[in-house]
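Chain by chain, the residues:
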Amino acid sequence: MYDIVNYEEAGTVQEAIRLLQANPRARLIAGGSDLLVKIYKGKITDAELVSLRGIIALKDISIEGDGTVRIGACATFSRIAGHPLIRKHVPVLAEAVSRVGGPQIRNIGTIGGNICNGVTSSDSAPTLFALNALLRLEGAGGTRVAPIQDFYLGPGKVDLRQAEVLTEILLTKENYQGFGGHYIKFAMREAMDIASLSCAAVCKIVGQNVIADFRLALGVAAPTPMRCLRAEEIARGRVFSEELLLETGRTAVTEVNPRTSWRATREYRLQLVEELSKRAFKQAFVKAGGVLL
Amino acid sequence: MITKKINCTVNGRQVSIEVDIRASLLDVLRDSLHLTGVKKGCAVGECGACTVLINGEPYDSCIYLAVWADGQVINTIEGECKEGRLSKVQQAFVDEGAVQCGFCTPGLIMSTTAMLQSGKKFTREEIKAELSGHMCRCTGYQNIIKAAQKALED
Amino acid sequence: MQSVGKSVRRVDAVAKVRGMADYVDDIFVKDMLQVKVFRSTIANGRVKKLDVSRARALPGVVVVVTYEDVPKHTFPTAGHPYNKDPKHQDVADRRLLTDRVRFFGDEIAAVVAVDELTAVKALRLIDVEYEQYEPILTAEAALIDGAVEIHEGTKNIIARSEYQLGDWEEALAQADEIFEDEFSTSTVQPCALENHGAYAYMDASGRVVVCTSTQIPHICRRVVGQALGIPWGRVRVIKPCVGGGFGSKQDVVVEPLVAFLTTVVGGRPVKLVLTREETFIASRVRHAIQFKLKTGVKKDGAIVARQMTAVSLNGGYASHGHAIVDNSGEKYRHLYDQLAIKFAATTVYTNMPAAGAMRGYGIPQVMFALDCHMEDIARALRLDPLDFRLKNLNKTGYTDPILGITVRSNGLPECIAKGRRLIRWDEKKAARRQQSGPKRRGLGMACFCYTAGTYPLNLEIAGARIVMNQDGSVQLQVGAVEMGQGSDTVFSQMAAETLGIPVDMVHLISEQDTEITPFDTGAYASRQTYISGMAVKKAAAEIKDKVLRHCGLMTGISPQSLDIADAWVVDHKGARVMPLAEVALDGYYNLACAAPFTADVTNSATTNPLSYGCTFAEVEVDLATGKVKVLEIYNVHDSGKIINPQLAEGQVHGGVSMGLGYALYEQMIFDPATGEPLNNNLLDYKLMTAADTPEIGPAFVETDEPTAPYGNKSMGEPPVMSPAPAVRNAILDATGVKFNQLPMNPHRLFERFKAEGLI
Ligand SMILES: Cc1cc2nc3c(=O)[nH]c(=O)nc-3n(C[C@H](O)[C@H](O)[C@H](O)COP(=O)(O)OP(=O)(O)OC[C@H]3O[C@@H](n4cnc5c(N)ncnc54)[C@H](O)[C@@H]3O)c2cc1C
Ligand code: FES
Ligand code: FES
């Protein structure tokens, strides 16, 4: 039994917003795989819940006329990983969310919950950062669209305003088309584990192995997921080489700020930043059609 | 105590029951429906012992609120042996020595059953990945994987 | 052999795959109340003020009991047989509830409520104030002058022991080289998938009935009697299906408290099932042990003198205490030559969860130290590490000078030969050139030895009872405990074999009930197939004797010339005389001399055979991340004759997996400042998943142990003993870096590689 004192089902996003407005103590629940655990651990007591599970539209994955891929906030990891649109246009996201927990967790956990939970170890975040994902947020005052980078405020803190619902994650065409991407989750175990460090790289090639574009995002390298803008800058326009990889890795290290916790020390995470950045870059390069010489 | 009436199918039977909004599906299956083959090893999605199939997919019933079961088709280990005959997966677990203390077994059988019912083919590595949401302390998984391979053959 | 030696299907498999096996928490008892324990949020200190009034007032709370309400006396909890000699009794250092807090999570009060959530909410309403002391988390802190005593009058020492063989100083003087090193192991938890749990009620006659997930029902009964201060006959312990034990259930954990609480609520049933988080800290863990080894060796690799000192960290309560590290000292002595050998050990209290029994009982720890040290010596002397071990191994015929037990079978040399072939040791060694890439491969191996049971240190008795039914089948009742390891199946096989009937004519009663089942000390020390198995064999032989004599009466044929085969009585030529069922029926209903065939046997063992084995492993090390991948691993065992190959392989799979977890992943972590456990759940404590576990190759060398019921020796614990040192030696082979501390997780490898300039 969970310490829940009130539970309501919203049929539409508007209804969810109304229920949240009516009760400032109320929280949204999607898959519950973060929230229920917090209730179990006593971090939330006398919980009052508004469920998004009945809102069918929030589970949708679709593509707009302009090529924008839309992922409903309540789409589960399993659904995303197996969805033809995702596999076709952003396979790296499918790979990334396949690394979450185990199959049962992926069947219940949603991408919206993953983002709104706000932790730096989120397995969807690095890839979404690298893809310049946009978030559609609906609230009493209307709708806004925010870059995911701006949404993360601090550990476990996101820019979710009173009575606001994350409804969609948007990936615009110019941010995924022609990119090759790779995600590495580094953890003790191959499954059922939280990343000690995670790294998503996407890149685009022109001509003979020239890096037309490159984006590198990391999880657990700082209090929130982050991009390594300087490392990206260094790579852009250069011909791919081992040299470039080394430089990218070295630069990434200068941009991060991991902390020491019982899970791993700062020094170890720095090592992983450097190493995984290189590995992810290399794989992304290959997937983008680059040729290793 | 707030309750909600739900209608669902459990092991092929229509069930209509008032559930406490605080209850997990695990609580209701075990305490109200006495389906105690569904085990609790952690209560928070970490061990897989409580795995049941919901519309054919494996879920940790401990982190699935009972009210969500409304309208769903649920299968637990108790429904797998029909007319005294073990299912293909159950039989494979028996034959391959995949059972020791047995506490993880019902959950693993349900996940394997979902794989079988999907009709897909699985490599050994894929089987390992599909079963990776289950902890087993006794078997080192080896005979479990063997049993799954056997059940999924042909 | 018809049944023994065959991969007979587990007798409990069908119930388990159908979800019909009932574990403690599956049993429905009407009117059940739920218990939650109020645990300390400090590791070392004393309760100054406790206010439970708000909790008591919460609707649904039946009673709140604190340390003030429980008996003042202390009791022991270890699952050892009772010892009549007070000097050899387990340390009695626990109360049911305490105001003196000795680890983070210590038990101060208990809430009994109508349901679990109400009990949880009541816990939040308890107010407590502590007087806090510095948490003691290391041996150094425990032993420093003036350290706060965790238990008064102990100086934080549970016990010290030592032994010496030979003229040590003189022997050491013969050495060409002397090697010294230090090793340390980590605190890990058995993690049986079923958490600890029990319920208790009082029956109409006033007996306290406890139904519990235990490896030791009869010992549990005694300890509950001691804890409550009531005659042992007033306690009844029932053991239903057990979801894994691995040692932490060879201890009395939740039973005394539920037994006490039912007496407080007038005998109403009360249940306490620990959460996973509680099981981690409030049941038992494996002792972390620090070892120092010193070995004198001749140039040719002959060991002339050995010495080991050990400090064992026990946590806040003694539980099995010093027995663990003493066992380390024993197997340290047994495995290799022991002309001159010295051992000294200390077990200390710390403010950590109580350490008790865990699969291997001190041996995974000592084999890590010993066989890493052996590897290092071989390498330093440029000797082949396999030859070096073989040269110094203990031989068949050797009698241990301290315990007096004799080795009558030793297949270790053959095990080593077999492992070497399986992993293609020589071929790979020859092919491996100097490595310089980012990923390096290496080969390693390690050996172990073990016993079967605890003789002569402890009583080794086991009971079996057989009743033959009218149809010639039998009901078999054992005092030994099935917890997943497969003992019920091998007992059925042994009974069937001895009686000449198929296994499905043996109906084993799996549940233990101290009112009914024969006395047996329980499931531990890999004793059951050897010791309880002998009880089964003796009981079956007695039944067979009675059957044949009765058949002799019926037929006039001399019983000496009769036998039973395939459930028929046969004559000395093997010709069928009469179906067993006919004799059995006559035994029940013969008007003149009806006497159903029954046997009730106790076996008291006075022998103890050593089992042996080794692990061979090949690893690949990712230098940049410190991650180790086990490419191949083989465990080769001399466990005597294998009674059931499929079950034995299953023990090896599980044990190796646990051993690899010990080597690479598992470790309980505590906040060094507060002693708070940081990873006491299954997400943060890294049990290997299916995706992490390599293919495990079990193999056997079947010696024939003459003192055993069917040539068998211990099998349950041994597989966990040598994987960690084998993996460590393989990492050394791959990288040239010695890891003397467990676990060898990526983080630790990174730090060393960095320090060694490898990255
Ligand atoms: C055993 C286990 C293993 C796990 N392993 C991983 C892992 O490997 N990697 C990983 O990244 N995560 C992991 N998680 C965490 C969790 O599964 C994910 O974060 C998941 O995505 C959460 O989604 P949910 O729908 O279950 O969230 P919920 O628990 O329902 O919600 C999480 C938070 O987000 C808010 N929220 C949810 N949806 C919305 C919305 N649409 N709009 C606004 N707010 C919303 C909720 O109010 C809540 O605060 C694991 C969890 C468990 C229990
Ligand atoms: S009990 Fe549900 S996952 Fe462990
Ligand atoms: S068989 Fe015991 S946990 Fe899997």
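Residues numbered from 1 in each chain as written. Chains lettered and ligands numbered in written order. Predicted model: local features only at pLDDT ≥ 70, side-chain atom pairs only at ≥ 80, totals over all residues. Heavy atoms only, no water.

Asker: Honestly, the environment of C:Ala305 in this entry has me stumped. Any pointers?
Answerer: Residues and elements named next belong to chain C. Within the fold, Ala-305 resides in strand β14 (residues 303–313). Using a relative accessible area of 0% as the deciding quantity, one classes Ala-305 as buried. Taking the C-alpha atoms as reference, Ala-305 lies 9.0 Å from Glu-170; in sequence the two are 135 residues apart. (Helix = DSSP H or I, 4+ residues; strand = E, 2+ residues; numbered from the N terminus. Buried < 20%, exposed > 50% of the residue type's maximum accessible area, 1.4 Å probe, protein only.)

Asker: It is not clear to me how the interface of chain B and chain C should be interpreted in this structure. Could you clarify?
Answerer: How big an interface is tends to be stated in terms of accessible area lost as the parts join. At the interface, 45 residues of chain B touch 52 residues of chain C. The contact between chain B and chain C buries some 3800 Å² in all, and 55% of this surface belongs to carbon and sulfur atoms. Along the contact surface separating chain B from chain C lie 5 salt bridges. Remark: the boundary between chain B and chain C carries 25 residue pairs in polar contact (both at pLDDT 80 or more). Broken down by element, the side of chain B that touches chain C gets its largest block of residues, 5 residues, from helix α2 (residues 88–95) of chain B. Split into classes, the residues belonging to the side of chain B that touches chain C amount to 19 nonpolar, 15 polar and 11 charged. (Contact = heavy atoms within 4.5 Å. Buried area = accessible area lost by both parts, 1.4 Å probe. Salt bridge = Lys/Arg side-chain N within 4 Å of Asp/Glu carboxyl O. Polar contact = N/O pair within 3.5 Å; in protein donor to acceptor, adjacent residues only side chain to side chain. Nonpolar A, V, L, I, M, F, W, Y, C, P; charged D, E, K, R; others polar.)

Asker: In this structure, what is going on with the sheet that holds strand β3 (residues 47–51) of chain A? I would like to understand it.
Answerer: Strand pairing in a sheet takes place through backbone hydrogen bonds and is either antiparallel or parallel in direction. Residue and element names in this part refer to chain A. Pairing is parallel across the open sheet formed by 3 strands, whose spatial order is β1-β3-β2. Two strands lie at the open edges of the sheet, namely β1 (4–9) and β2 (27–29), each paired on one side alone. Across the sheet, the axes of successive neighbouring strands diverge by a mean angle of 35 degrees, strand direction being ignored. Strand direction decides the pairing type here: β2 and β3, joined by 3 bridges, are parallel. (Pairing = 2+ DSSP bridges. Axes fitted to C-alpha atoms, helices over the stretch in contact; angles between N-to-C directions.)

Asker: Any chance you could explain the packing of aromatic side chains here in plain terms?
Answerer: Inspection of every chain in the model, using the stated rule, returns 18 aromatic pairs over all chains. Considering the side-chain rings of B:Phe103 and C:Tyr23, the 5.0 Å spacing of their centres and the 90 degrees angle between planes classify their relative orientation as edge-to-face. In this pair, B:Phe103 sits in the loop between α2 and α3 (105–118) while C:Tyr23 sits in the loop between α1 (13–17) and β1 (33–39), so the two residues belong to two different chains. As far as burial versus exposure is concerned, B:Phe103 and C:Tyr23 are alike and both buried. Consider the rings of C:Trp425 and C:Phe616, whose centres lie 5.3 Å apart with planes at 85 degrees: the pair is edge-to-face. One end of the pair, C:Trp425, is in helix α13 (residues 425–431); the other, C:Phe616, is in strand β25 (residues 611–622), and 191 residues separate them in sequence. Judged by relative accessible area, C:Phe616 falls into the buried class, the value being 0%. Above the ring of C:Trp168, the side-chain terminus of C:Lys342 is found at 4.3 Å from the ring centroid. (Phe/Tyr/Trp six-rings, centres within 6.5 Å; stacked < 30°, edge-to-face > 60°. Lys NZ or Arg CZ within 6 Å of the ring centre and 35° of its normal.)

Asker: Can you help me understand the side chain of C:Arg276 in this one?
Answerer: As for its placement among the helices and strands, C:Arg276 is situated in helix α8 (residues 276–282). Buried within the structure, C:Arg276 lacks any salt-bridge partner; its nearest side chain of opposite charge belongs to B:Glu46, at an N-O separation of 6.7 Å. From its side chain, C:Arg276 meets the backbone oxygen of C:Leu193 in a polar contact 2.7 Å long. (Lys, Arg positive; Asp, Glu negative; His and termini not counted.)

Asker: Explanation requested: the interface of chain A and chain B in the structure shown.
Answerer: In this complex, chain A contributes 28 residues to the contact, which on the side of chain B involves 32 residues. For the pairing of chain A and chain B, the buried interface totals around 2300 Å² over both sides, and the portion due to carbon and sulfur atoms is 64%. Among the residues chain A hides against chain B, the three largest losses belong to A:Met1, A:Tyr2 and A:Gln104. Together they make up 28% of the total. Counting the contacts that link chain A with chain B gives 0 salt bridges. There are 8 residue pairs in polar contact (both at pLDDT 80 or more) connecting chain A and chain B. Those elements giving two or more residues to the side of chain A that touches chain B turn out to be β1, α2 (35–40), β3 and α6 (103–108) of chain A. Each residue belonging to the side of chain A that touches chain B can be placed in one class, and the counts come to 16 nonpolar, 8 polar and 4 charged.

Asker: Hey, could you run me through the pattern of salt bridges in this one?
Answerer: A side chain of one charge can pair with a side chain of the opposite charge when the charged atoms of the two come close. Within the structure shown, the criterion is met by 75 salt bridges over all chains. With its nearest N and O atoms 3.6 Å apart, the salt bridge here joins A:Lys278 to A:Glu275. Residue A:Lys278 and its partner A:Glu275 are both found in helix α13 (residues 266–287); the two are separated by 3 residues, about one turn of the helix. A residue is classified by how much of its surface remains accessible, and A:Lys278, at 17% relative accessible area, is buried. Across the salt bridge formed by B:Asp95 and B:Lys150, the nearest N and O atoms sit 3.6 Å from each other. Taken together, the residues B:Asp95 in helix α2 and B:Lys150 in helix α5 (residues 142–152) connect sequence positions 55 residues apart.

Asker: Is there a simple way to think about the domain arrangement of chain C in this case?
Answerer: Residue and element names in this part refer to chain C. Taken domain by domain, chain C consists of domain 1 (25–133 + 196–273), domain 2 (288–455 + 607–755) and domain 3 (461–604). For domain 1 versus domain 2, the separation of C-alpha centres amounts to 36 Å. Counting residues at the interface gives 20 residues for domain 1, matched by 22 residues for domain 2. Roughly 1600 Å² is buried in total at the junction of domain 1 and domain 2, and carbon and sulfur atoms are behind 55% of that figure. (Domains from an automatic or database assignment.)

Asker: Mind showing me how you'd approach the domain arrangement of chain A here?
Answerer: All names here are of chain A. Along its sequence, chain A is carved into domain 1 (4–50), domain 2 (58–174) and domain 3 (180–287). Spacing between the C-alpha centres of domain 1 and domain 2 amounts to 20 Å. If you look at the interface, domain 1 gives 13 residues, while domain 2 gives 15 residues. Together domain 1 and domain 2 conceal approximately 1000 Å² of surface at their shared face, both sides included; 65% is due to carbon and sulfur atoms. Applying the counting criterion to the domain 1 and domain 2 interface returns 0 salt bridges. Counting the contacts that link domain 1 with domain 2 gives 2 residue pairs in polar contact (both at pLDDT 80 or more). Counting residues per element, the side of domain 1 that touches domain 2 draws most heavily on helix α1 (residues 13–22), which supplies 6 residues. Classifying every residue of the side of domain 1 that touches domain 2 gives 7 nonpolar, 4 polar and 2 charged.

Asker: Can you walk me through the site of ligand 1 in this structure?
Answerer: Around ligand 1 sit 35 residues in total, of which A:Leu28, A:Gly31, A:Ser33, A:Asp34 and A:Thr110 are the nearest. One chain alone does not account for the residues near ligand 1; they come from chains A, B and C. Within the backbone of A:Gly31, an N or O atom sits 2.7 Å from an oxygen atom of ligand 1. Contact distances for ligand 1 include 2.6 Å between an oxygen atom and a side-chain N or O atom of A:Asp34. Protein contact buries 94% of the 970 Å² of open area that ligand 1 shows by itself. The set of elements that each furnish at least two residues to the shell around ligand 1 consists of β2, α2, α7 (111–116) and β10 (165–171) of chain A. If one sorts the elements of the shell around ligand 1 by residue count, α7(A) sits on top with 3 residues. Looking at the shell around ligand 1, its residues break down into 18 nonpolar, 12 polar and 5 charged. (Near = heavy atom within 4 Å. Areas by Shrake-Rupley, 256 points an atom, 1.4 Å probe, with all protein chains shown as cover.)

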